[in-house]
Amino acid sequence: MTEDVELLDDLLRLCAAAGTEPEVHHTLPEGRGGWEQAPMVLVGDDAAPRCRGALRRQGVMLVGHDQDAPDVWRQAVEIGAEYVLRLPDAESWLVDQIANAAEGVGRPALTVGVIGGRGGAGASTLACALAVTAARAGRRTLLIDGDPLGGGIDVLLGGERAEGMRWPDFAHSKGRVGGGALEESLPALHGLRVLSWGRDDSVVIPPQAMKAVLAAARRLGGVVVVDLPRRVDESAAEALAQLDLGLLVVPGELRAVAAAKRVASTAGMVLGDLRVVARGPYAAGLDERWVAQALDLPLAGELPLESGLLAAQDDGVPPGSGARGPLARFCTAFWERALAGGAVGGIGAGPGGEGAS
């Protein structure tokens, strides 16, 4: 809503960049529907006086060019604006918000990363089982292979020949990747979507591509599971920065604990919530609590042994497929605990603006 031609041109340009076409009004729409039902309302500071008395709702943003407009705070309160934005400073942030509204983004996905404390710790197996278990429970699930040297997590799912895009197709992604387009482009295996590596391509994923893909995945909602490398390069650090929590898989051996300390030290520089998943059998005098205490990290649980797991994988049956198996029960209990809390939203300022109160 605006009659400011210059502001309207800017907002139309930003909507085009976000891949959506807005409904434009010069004043408050007559009748019910437009103001109440739109996923987002952008009100030019010239139009704010004409919005007084409108139904209070979420998703209203007051936008303008003048950084020193004297009445902006009063206007924001009067129309119930959640944000006050000033262009061009807030343009990048606003494009993301417009695209989110167009995609119907709600609560972002709970994003869990799995890291091996040493080689062969079983991190990929756990990541795959977590994703399979979440999908079987009806959750929207995306499994991302963040380890270029891991051999391809699609192999664990028996889907190395499945049609769909792999990491090399996203290597040059910058800016924003559409969440819906990402989901539709990936192979669908066992009720989930998976992003893995190509068989014949040796490609480096720049941090900006990792950031764009993971941000798109999170906007889809549900759960995202990321299988991460032990060596933290710039791309892995970008992935760690987007995690809600990380699971460090550590076998119950002294050398494994020593190796895991180095991994934890590096990952912990980026990730605030890192927890231990201990895996037996244990060396003499060790148990899961000793492993967690030695690493000075919270214990997420003990990864159970499951007989026949390797043979099942050779037959194309992914980890966690047996709903009554110990691995699936571990993953089910993990998701029940992890998803028990609710996301907390807030009201404030976007970049280039200040919060309305």
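Residues numbered from 1 in each chain as written. Predicted model: local features only at pLDDT ≥ 70, side-chain atom pairs only at ≥ 80, totals over all residues. Heavy atoms only, no water.

*Asks:* Whenever I open this one, the overall build of the chain confuses me. Can you help?
*Replies:* Secondary structure summary: the chain contains 13 helices and 12 strands in total. Seen through its principal axes, the chain has C-alpha atoms that stretch 75 × 40 × 35 Å. Across the 357 residues that make up the chain, the buried fraction comes to 49%. Contacts in the chain between residues at least 24 apart in sequence constitute 71% of all its contacts with a sequence separation of at least 6. Carbon and sulfur atoms make up 49% of the accessible area of the chain, which totals about 17,000 Å². Taken as two groups, the 33 positive and 46 negative side-chain charges of the chain have centres that lie 8 Å from each other. (Helix = DSSP H or I, 4+ residues; strand = E, 2+ residues; numbered from the N terminus. Buried < 20%, exposed > 50% of the residue type's maximum accessible area, 1.4 Å probe, protein only. Contact = heavy atoms within 4.5 Å. Areas by Shrake-Rupley, 256 points an atom, 1.4 Å probe, with all protein chains shown as cover. Lys, Arg positive; Asp, Glu negative; His and termini not counted. Charge placed at Lys NZ, Arg CZ, Asp CG, Glu CD.)

*Asks:* I'm lost on the nonpolar core in this one. Help?
*Replies:* Proteins that are soluble and globular tend to have nonpolar side chains buried together. In terms of nonpolar packing, the biggest core is built from 41 residues, with I144, W167, L182, V224, L248, V250 and L295 touching the most fellow members. Secondary-structure elements contributing two or more residues to this core are β5 (141-145), α8 (207-219), β8 (223-228), α9 (234-241), β9 (245-251), α10 (254-267), β10 (274-279) and α11 (288-295). Looking at this core, the element that brings in the most residues is α8, giving 7 residues. Setting aside its immediate chain neighbours within four residues, L182 contacts L142, F170, V177, V213, A216 and A217. The next biggest cluster of nonpolar side chains, apart from the first, holds 35 residues, and it includes V194, V225, V277 and L303. (Core = buried A, V, L, I, M, F, W, Y, C linked by side-chain atoms within 4.5 Å.)

*Asks:* For this particular structure, what's the right way to read the layout of surface pockets?
*Replies:* Vacant regions in the atomic arrangement are exposed by a probe of water-molecule size rolled over the atoms. Size it by volume and the second largest pocket reaches roughly 730 Å³. Looking at the second largest pocket, it is lined by 35 residues, and the ones nearest its centre are D147, P148, L149, G150 and P229. For the lining of the second largest pocket, the secondary structure elements donating two or more residues are α5 (123-136), α6 (153-156), β8 and α9. Of the residues contributing to the lining of the second largest pocket, the split by class is 15 nonpolar, 12 polar and 8 charged. (1 Å grid on protein atoms, 1.4 Å probe; cavity = no way out; pocket = protein on both sides within 12 Å on 5 of 7 lines; lining within 4 Å. Points joined across faces, edges and corners; volume = space filled by probe spheres on them. Nonpolar A, V, L, I, M, F, W, Y, C, P; charged D, E, K, R; others polar.)

*Asks:* So what exactly am I meant to see when it comes to the environment of L243 here?
*Replies:* Tracing the chain through its elements places L243 in the loop between α9 and β9. Under the relative-accessibility criterion, L243 is labelled buried at 9%. Separated by 32 residues in sequence, L243 and R275 have C-alpha atoms that sit 12 Å apart.

*Asks:* Explanation requested: the packing of α8 against α9 in the structure shown.
*Replies:* In helix packing, the relevant descriptors are the interaxial angle and the interaxial distance, both defined with respect to the helix axes. Viewed as axis vectors pointing N to C, α8 and α9 meet at an angle of 25°, and their least axial separation amounts to 8 Å. Relative to α9, the element α8 lies roughly parallel. Taken as a pair, α8 and α9 cross one another with a handedness that is right-handed. Within the contact between the two elements, α8 uses P207, M210, K211 and L214 and α9 uses E234, S235, E238 and A239. By residue class, the composition of the contact of α8 with α9 is 4 nonpolar, 1 polar and 3 charged. (Axes fitted to C-alpha atoms, helices over the stretch in contact; angles between N-to-C directions. Parallel < 35°, antiparallel > 145°, perpendicular 65-115°, else oblique. Left-handed = near helix turned anticlockwise from the far one by under 90°.)

*Asks:* Looking at this model, I keep getting lost on empty space enclosed by the protein. Mind explaining?
*Replies:* Summed over the entire model, instances satisfying the criterion amount to 1 cavity of 30 Å³ or more. Reported here for the largest cavity is a volume of approximately 40 Å³. Taken together, R140, T141, L142, E183, R193, A217, L220, G221, V223 and V224 make up the lining of the largest cavity. Elements with a minimum of two residues in the lining of the largest cavity: β5 and β8.

*Asks:* It is not clear to me how the environment of E163 should be interpreted in this structure. Could you clarify?
*Replies:* The residue E163 is located in the loop between α6 and α7 (179-185) in this model. Judged by its relative accessible area of 75%, E163 falls in the exposed class. A sequence separation of 60 residues divides E163 from E103, and the C-alpha atoms of the two residues are 25 Å apart.

*Asks:* Explain the side chain of D145 here, please?
*Replies:* Topologically, D145 is positioned in strand β5. The buried category is assigned to D145, whose relative accessible area is 1%. Not counting the four nearest positions on each side in its chain, D145 is found in contact with G152, I153, W167, L195, S196, W197 and D227.

*Asks:* Which parts of the structure should I look at to understand the packing of α10 against α11?
*Replies:* Where α10 contacts α11, the axes come no closer than 10 Å and their chain directions differ by 35°. Crossing hand, α10 versus α11: right-handed. Together, L254, V257, A260 and K261 of α10 and W290, V291, A294 and L295 of α11 make up the contact between the two elements. Per-class residue counts for the contact of α10 with α11 are 7 nonpolar, no polar and 1 charged.

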